[in-house]
Amino acid sequence: MKIGIIGGTGFYEIAGEKIEISTDYGKVETIHFKKSNRDVFFISRHGKNHHTPAHKVNYHGNVQAMKKIGIDAVVGISTVGSMKKGIKPGSIFIPNDFIDFTKRKTTFFDKETIHIDLSEPFCPIIRKILFQETKKYRALNEGIYIATEGPHLETKAEVAMLKNFGDVVGMTLVPEAILAREMGICYASLCLVSNYAAGLQKRLSIKEIKDMYKAKKPIIKKIIDGAIEKIPEKRNCRCRHAPKEGKM
Ligand SMILES: [Zn+2]
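Residues numbered from 1 in each chain as written. Predicted model: local features only at pLDDT ≥ 70, side-chain atom pairs only at ≥ 80, totals over all residues.

Asker: Any chance you could explain the nonpolar core here in plain terms?
Answerer: Within the largest apolar cluster, 66 residues are counted, with the highest numbers of intra-cluster contacts made by Val74, Val75, Ile126, Leu130, Val168, Ile185 and Tyr187. If one sorts the elements of this core by residue count, strand β9 (residues 186-196) sits on top with 7 residues. Apart from residues lying up to four places away in sequence, Val75 is in contact with Ile5, Ile126, Leu130, Ala188, Leu190, Ile224 and Ala227. (Core = buried A, V, L, I, M, F, W, Y, C linked by C-beta atoms within 7 Å. Buried ≥ 20, exposed ≤ 12 C-beta atoms within 10 Å, placed from the backbone. Helix = DSSP H or I, 4+ residues; strand = E, 2+ residues; numbered from the N terminus. Contact = placed C-beta atoms within 7 Å.)

Asker: It is not clear to me how the pairing of strand β3 (residues 26-35) should be interpreted in this structure. Could you clarify?
Answerer: Remark: a regular strand shows side chains that alternate across the two faces of the sheet. Note that strand β2 (residues 17-23) and β3 share 7 bridges and pair antiparallel. Bridge assignment links Ser22 to a residue of β3, and that residue is Lys27. The hairpin formed by β2 and β3 contains 2 residues between the paired strands. The sheet contact formed by β3 and strand β4 (residues 38-44) spans 5 bridges and is antiparallel. In the sheet register, Phe33 faces β4, and the bridge partner there is Val40. A loop of 2 residues connects β3 with β4, the two strands running antiparallel in sequence, and Ser36 in this loop sits at a positive phi of about 45°. (Pairing = 2+ DSSP bridges.)

Asker: Before we go on, may I ask you to explain helix α1 (residues 59-69) in this structure?
Answerer: For α1, a buried count of 9 out of 11 residues is recorded, marking the element as mostly surrounded by other parts of the structure. Listing the buried residues of α1 in full gives Tyr59, His60, Gly61, Asn62, Val63, Gln64, Ala65, Met66 and Lys67. At its buried positions, α1 is contacted by β1 (2-7), β2, β3, β4, β5 (73-82) and α4 (176-182). Taken from the residues just after α1, Gly70 is the one with a positive phi, measuring 100°.

Asker: Explain the packing of helix α2 (residues 124-135) against helix α5 (residues 206-230) to me, please; I cannot follow it from the model alone.
Answerer: The relative placement of two packed helices comes down to the angle between their axes together with the axis-to-axis distance. Taken N-terminus to C-terminus, the directions of α2 and α5 make an angle of 135°; their axes are 9 Å apart at the nearest point. Taken together, the axes of α2 and α5 are oblique relative to one another. Here the hand of the crossing between α2 and α5 comes out right-handed. Residue-level contacts link Ile129, Leu130, Glu133 and Thr134 of α2 to Ile223, Gly226, Ala227 and Lys230 of α5. When the residues that make up the contact of α2 with α5 are grouped by side-chain class, the tally is 4 nonpolar, 2 polar and 2 charged. (Axes fitted to C-alpha atoms, helices over the stretch in contact; angles between N-to-C directions. Parallel < 35°, antiparallel > 145°, perpendicular 65-115°, else oblique. Left-handed = near helix turned anticlockwise from the far one by under 90°. Nonpolar A, V, L, I, M, F, W, Y, C, P; charged D, E, K, R; others polar.)

Asker: Any chance you could explain unusual backbone geometry here in plain terms?
Answerer: Residues Gly150 and Pro151 are joined by a peptide bond in cis, for which omega reads 0°. Looking at the secondary structure, you find Pro151 in the loop between β7 (140-148) and α3 (156-162). For the peptide bond that leads from Val174 to Pro175, omega is 10°, which places it in the cis range. In this fold, Pro175 is placed in the loop between β8 (168-170) and α4. At Ser36, a residue that is not glycine, the phi angle is positive and equals roughly 45°. Here Ser36 lies in the loop between β3 and β4.

Asker: Is there a simple way to think about the environment of Ala227 in this case?
Answerer: Mapped onto the fold, Ala227 is located in helix α5. Taking the C-alpha atoms as reference points, Ala227 and Ile129, separated by 98 residues in sequence, lie 6.1 Å from one another.

Asker: Help me understand α2, please; the structure alone is not making it clear to me.
Answerer: In an α-helix, one turn spans 3.6 residues, which is why side chains three or four residues apart end up on the same side. The end-to-end C-alpha separation of α2 is 16 Å, in line with the 16 Å expected for 12 residues at 1.5 Å each. Taken together, the buried positions of α2 are Ile126, Arg127, Ile129, Leu130, Glu133 and Thr134. For α2, the arc enclosing every buried residue in end-on projection is 165°, short of the 170-degree limit, so these residues lie on one face. At its buried positions, α2 is contacted by β5, β6 (92-101), β7, β9 and α5. (Expected span 1.5 Å × (residues − 1). Arc of directions from axis to C-beta.)

Here it is in structure tokens:
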């Protein structure tokens, strides 16, 4: 069974065989390794050199590369800012829904009309496994992820508005989650809360965000390793039917 991990900078560094996949959106580098008898393919979301900013990430290429490899289960890892006092920096957040405030292209389908259903935007089976694994190690929250365009962090006024609609704010879930569903791939997201969003703490620094994920990297790795072992090969969720069911 093949499992995909798409991670932010430095989140899940593993030694493995580098395999380049040609996509309609350019070449995508993956790292392949075996774990718990599964074939795991890791894609560094921000590219080979880790420096592609969130608004320039090759989301389409990354998801298409997963599809081309034959992967049908993907976990996305990222950092978010908390807009709620009770969701503390250092905790893990597993989104159950999202709102898209980006200006990005969120589809593969330009030549046919496909309206994929996002009533349940994440794979319920992979989400549950991430939940069970996270509970062993960390404080855990779930809720709504607000996706912003970036690369600037949000203003206080933006956060004051956005927290009425969601719980955390981040830049990379969209369009990744949507594109995965369009490809019929089971996808769920694991987020590290790296800081409070603007207005909830005095000021934000990237050093603080980096220090947080450095500190939490070993726990993220344990959670992901556990998930890789437990994601079942046969899943009775609807994810894989989404493109067919959404066709006009
Ligand atoms: Zn699924």
